[in-house]
Amino acid sequence: MEHTTLFASKAARALAMLVMVCAALALFAQAQATWKQVDSPYGPTTINVRGEGEVIAKPDIGQFSFSVRAEGDDAATAQEQSAESINAILDFLEGEGVEEKDIKTQYYNLNPKYTYEERICPFGSFCPPGEQIIDGYEVTQSIVVKVRDLDKGPALISGAGERGATNISGLSFTIDDESTLQEEARAKAIADAQDKANKLAADLGMKVVKVVGFYEEESYGYGGDYAMGNRMMAMDMAEEAKIMPSMPVGENTIYESVNITFEIK
């Protein structure tokens, strides 16, 4: 009986020892996991790189705008005078091959003109302003023209001036469809960012793992503009129409910029 009790006591101690070992192993595993978390409390290491890309192309269309201003004693007279000049210019443009889809009205305004009735007031007394009276009407219409045959640009501008345009401004050269060029510039910007990321990671003794963030800045083009507005506004349009200005087209640059975040290890 005493021998059985001694055996049971040894078995209990062995079991207790096994439980303690298992508990120690569990505590060690938990401590190791906690240590890993402390070793990298902010998650994966990342770098942010800005890439840039440019594509240079020759403009394929030009654009200018003109306005016509007319006055009359009544609205119908003002509109009739404006329409006469506008129609003469539009007929000329269409006769030169400008399509209807490339001629667009920017704005059309019909406004009354006012004067104030004069009043005779006693000397030294307060004299309120006279009654506002309509003294005719004024029409202003502005039109934008897209020129696909760039060689005709100077002649079209001169012709509009000869036919009563009161202002010609905003001449510029651009590219009709920039979407393909923007895609090409974006691809260059992404490749530029990847090259920069690889070099930076190598300098840090690490390697690029994957892309974890991407942001594309607003794209834009520049170059090829030829502003004539101020100069032409200051000159008599009949005289300006006799001059065929030289209009070099130049080149436009399509620019794209991206910001990419890379994970590195």
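Definitions and cut-offs
Residues numbered from 1 in each chain as written. Predicted model: local features only at pLDDT ≥ 70, side-chain atom pairs only at ≥ 80, totals over all residues. Heavy atoms only, no water. Helix = DSSP H or I, 4+ residues; strand = E, 2+ residues; numbered from the N terminus. Buried < 20%, exposed > 50% of the residue type's maximum accessible area, 1.4 Å probe, protein only. Contact = heavy atoms within 4.5 Å. pLDDT = per-residue confidence, 0-100. Expected span 1.5 Å × (residues − 1). Salt bridge = Lys/Arg side-chain N within 4 Å of Asp/Glu carboxyl O. Core = buried A, V, L, I, M, F, W, Y, C linked by side-chain atoms within 4.5 Å.

(A) Quick look at the overall build of the protein. Counting its secondary structure elements, the protein contains six helices and eight strands. In sequence order, the secondary structure elements of the protein are arranged as α-β-β-α-β-β-α-β-α-β-β-α-α-β. Within the protein, the proportion of its 265 residues that are buried is 30%. Sequence separation of at least 24 residues holds for 85% of the intrachain contacts in the protein that already meet a minimum separation of 6.

(B) A look at the environment of Glu184. Tracing the chain through its elements places Glu184 in helix H4 (residues 179–203). Overall, Glu184 belongs to the partly exposed group, its relative accessible area being 38%.

(C) Molecular detail of the confidence of the model for the protein. In the predicted model, the protein carries a mean pLDDT of 80, and the fraction of residues at 70 or more is 73%. Note on residues 33–39: pLDDT under 50 across the span, and zero contacts to partners over four residues away in sequence or across chains. The low-confidence segment residues 225–242, where pLDDT is below 50, has 32 contacts with residues more than four positions distant or belonging to other chains.

(D) Just H4, in detail. Here H4 spans 36 Å end to end across 25 residues, near enough to the 36 Å set by a 1.5 Å rise per residue. Along H4, the residues classified as buried are Leu181, Ala185, Ala189, Ala193, Ala197 and Ala201. Once H4 ends, the next one or two residues include Gly205, with phi positive near 75 degrees.

(E) Region of interest: the side chain of Ser82. You can see Ser82 is positioned in helix H2 (residues 75–95). Using a relative accessible area of 1% as the deciding quantity, one classes Ser82 as buried. Setting aside its immediate chain neighbours within four residues, Ser82 contacts Val68, Ala70, Val139 and Gln141.

(F) Here's a closer look at the pattern of salt bridges. With the rule as written, the count across this model stands at 13 salt bridges. We note a salt bridge from Arg69 to Glu138, for which the minimum N-O separation is 2.5 Å. Here Arg69 is found in strand S2 (residues 61–72), whereas its partner Glu138 is found in strand S4 (residues 132–147), with 69 residues between them in sequence. Note that Lys146 is salt-bridged to Asp176, the shortest N-O span being 3.6 Å. Of this pair, Lys146 sits in strand S4 while Asp176 sits in the loop between strand S5 (167–174) and H4, and the two are 30 residues apart along the sequence. By relative accessible area, which is 38% here, Asp176 ends up partly exposed. Through salt bridges with shared partners, a single network forms among Arg69, Glu71, Lys113 and Glu138.

(G) Structural context of the nonpolar core. Core analysis: the largest hydrophobic core is formed by 19 residues, its most contacted members being Phe64, Phe66, Leu93 and Val145. For this core, the elements supplying multiple residues, two or more each, are S2, H2, S4, helix H3 (153–162) and S5. Top element by residues in this core is H2. It accounts for five residues. If we ignore the near neighbours within four places in the chain, the residues touching Val145 are Gly62, Gln63, Phe64, Phe66, Leu93, Val98 and Asp102. Counting residues in hydrophobic clusters, the runner-up holds 10 residues, among them Ala197, Val258, Ile260 and Phe262.

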